[in-house]
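Given next are the chains, with one letter for each unit.
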Amino acid sequence: QVQLVESGGGLVQAGGSLRLSCAASGIIFSINAMSWYRQAPGKQRELVAVATSGGSTNYANSVKGRFTVSRDNAKNTVYLQMYSLKPEDTGVYYCKAARTVGTTYVYWGQGTQVTVSS
């Protein structure tokens, strides 16, 4: 099992910044991709950013140039640095880890609320 704990959410004004953290514990070997998703009220959960164990990253078009995802493998932690926040970035942000040992297992954190006021 893998446990994921997110932190760093909060209330911020439009144009502000936040940094989210997601710490993984438990059976963490063979975790390849760690991702951030978000879910706004009344909307489906959507992918925000991905960081693979090989160092590659990918972003949703809506956050490119404003968000940066990074991993500290020594701390088993993935970060999401968010700049130039907009009201439409509001939602619950979830961390997801994918661990492949023959089969791929997926784990989710409990989520952290990000609210951007206009």
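Conventions used here
Residues numbered from 1 in each chain as written. Predicted model: local features only at pLDDT ≥ 70, side-chain atom pairs only at ≥ 80, totals over all residues. Heavy atoms only, no water. Helix = DSSP H or I, 4+ residues; strand = E, 2+ residues; numbered from the N terminus. Rg over C-alpha atoms; globule rule 2.2 N^0.38 Å. Buried < 20%, exposed > 50% of the residue type's maximum accessible area, 1.4 Å probe, protein only. Contact = heavy atoms within 4.5 Å. Lys, Arg positive; Asp, Glu negative; His and termini not counted. Charge placed at Lys NZ, Arg CZ, Asp CG, Glu CD. Phe/Tyr/Trp six-rings, centres within 6.5 Å; stacked < 30°, edge-to-face > 60°. Salt bridge = Lys/Arg side-chain N within 4 Å of Asp/Glu carboxyl O.

1. Observations regarding the overall build of the protein chain
Helix and strand counts for the protein chain stand at 0 helices and 11 strands. Scaling as 2.2 N^0.38, a compact globule of 118 residues should have a C-alpha radius of gyration of about 13 Å, and the protein chain matches this with 14 Å. With the C-alpha coordinates aligned to their principal axes, the bounding extent of the protein chain is approximately 45 × 25 × 25 Å. Among the 118 residues that make up the protein chain, the fraction classed as buried is 43%. Summarising the internal contacts of the protein chain: among those between residues at least 6 apart in sequence, 53% fall at separations of at least 24. Here the protein chain contributes 11 positively and 5 negatively charged side chains, and the mean placements of these two sets differ by 5 Å.

2. Comments concerning the packing of aromatic side chains
Summed over the entire model, instances satisfying the criterion amount to 2 aromatic pairs. Arranged with centres 5.0 Å apart and planes meeting at 65 degrees, the rings of Tyr37 and Trp108 form a pair that is edge-to-face. Here Trp108 lies in strand S10 (residues 103-108) and Tyr37 lies in strand S4 (residues 31-39), a separation of 71 residues in the sequence. By relative accessible area, which is 37% here, Trp108 ends up partly exposed. Measuring from centroid to centroid gives 6.5 Å for Tyr94 and Trp108, while their planes differ by 85 degrees, and the two rings are edge-to-face. Taken together, the positions of Tyr94 in strand S9 (residues 91-101) and Trp108 in strand S10 put the pair 14 residues apart, joining distant regions of the chain. Members of the aromatic cluster, joined through ring pairs, are Tyr37, Tyr94 and Trp108.

3. Brief notes about the pattern of salt bridges
Summed over the entire model, instances satisfying the criterion amount to 3 salt bridges. As a salt-bridge pair, Arg38 and Glu46 come within 2.7 Å of each other at their nearest N and O atoms. Taking the relative accessible area as the measure of exposure, Arg38 reaches 5% and is therefore buried. With a shortest N-O distance of 2.9 Å, Asp89 and Arg38 are connected by a salt bridge. Residue Asp89 is found in the loop between strand S8 (77-82) and S9, and its partner Arg38 is found in strand S4; the two are separated by 51 residues along the sequence. Taken as a pair, Asp89 and Arg38 share a single burial class, namely buried.

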